[in-house]
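# Fold and contact review
So you can see what is in the structure, the chains are spelled out below.
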Amino acid sequence: MSDQKLQEAINTLRDSGVRITPQRHAVLEYLLNAMVHPTADEIYKALEGKFPNMSVATVYNNLRVLRQIGLVRELTYGDSSSRFDYNSSEHYHIICEECGKIVDFHYPILDEVESLAEQVTGFDVSHHRMEIYGRCEDCQQVEAKQQH
């Protein structure tokens, strides 16, 4: 994670008039560094050593604020718990149907799909979401071992 991205995110918070508390800074920094898409509970567990007085509710409240100003994306796929993603660039997600792991998948944005949808339906399209499902390499290896 680049310090520049963190600084840009902090500037966005400041420009939005949002106070930059140590907890908010830590949640944002954790999401910027996360290679996975953590749940609020996973973020809480990762930060509780550094912030012993922080509650799960504090994590949820910070994620809500970060989501409202557009820095964080809430991912709701299949299972009951939301996962969170730092909203750095447009990308898609591929989701393992076995373990629930979510991996970023970068592909040139399908702008033509949005423009065709507008032409065909008359809608003013704001965005789209594409999900790809399958089984991750780890789950495939577990199954392969079980078959032998």
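The text that follows walks through the structure, step by step, so that each part is easy to find.

Cut-offs used in this document
- Residues numbered from 1 in each chain as written.
- Predicted model: local features only at pLDDT ≥ 70, side-chain atom pairs only at ≥ 80, totals over all residues.
- Heavy atoms only, no water.
- Helix = DSSP H or I, 4+ residues; strand = E, 2+ residues; numbered from the N terminus.
- Expected span 1.5 Å × (residues − 1).
- Buried < 20%, exposed > 50% of the residue type's maximum accessible area, 1.4 Å probe, protein only.
- Arc of directions from axis to C-beta.
- Contact = heavy atoms within 4.5 Å.
- Pairing = 2+ DSSP bridges.

Looking now at helix α1 (residues 3–15). Counted at 1.5 Å a residue, the expected span for α1 with its 13 residues is 18 Å, and the 18 Å between its end C-alpha atoms agrees. Residues of α1 that are buried include every one of Leu6, Ala9, Ile10 and Leu13, and no others. Here the buried residues of α1 occupy an arc of 100 degrees about the axis, which is enough to place them on one side. Facing away from the buried surface of α1 by more than 90 degrees, the exposed residues are Gln4, Arg14 and Asp15. Buried residues along α1 sit against α2 (22–33), α4 (56–68) and β2 (83–86).

The subject of this paragraph is α4. For α4, with 13 residues, the first-to-last C-alpha span of 18 Å sits near the 18 Å given by 1.5 Å per residue. Among the residues of α4, Val59, Asn62, Leu63, Val65 and Leu66 are the ones counted as buried. Down the axis of α4, the buried set is contained in an arc of 160 degrees. They therefore lie on one face. Looking at the packing, one finds that the buried side of α4 touches α1, α2, α3 (40–47), β1 (72–75) and β2. Two residues or fewer past α4, Gly70 is found with a positive phi of approximately 90 degrees.

Taking every second residue as pointing to the same face, both faces of β2 are buried, with Arg83 and Asp85 on one and Phe84 and Tyr86 on the other. Here β1 pairs with β2 via four bridges, running antiparallel. Within the sheet, the bridge partner assigned to Arg73 lies in β2 and is Asp85.

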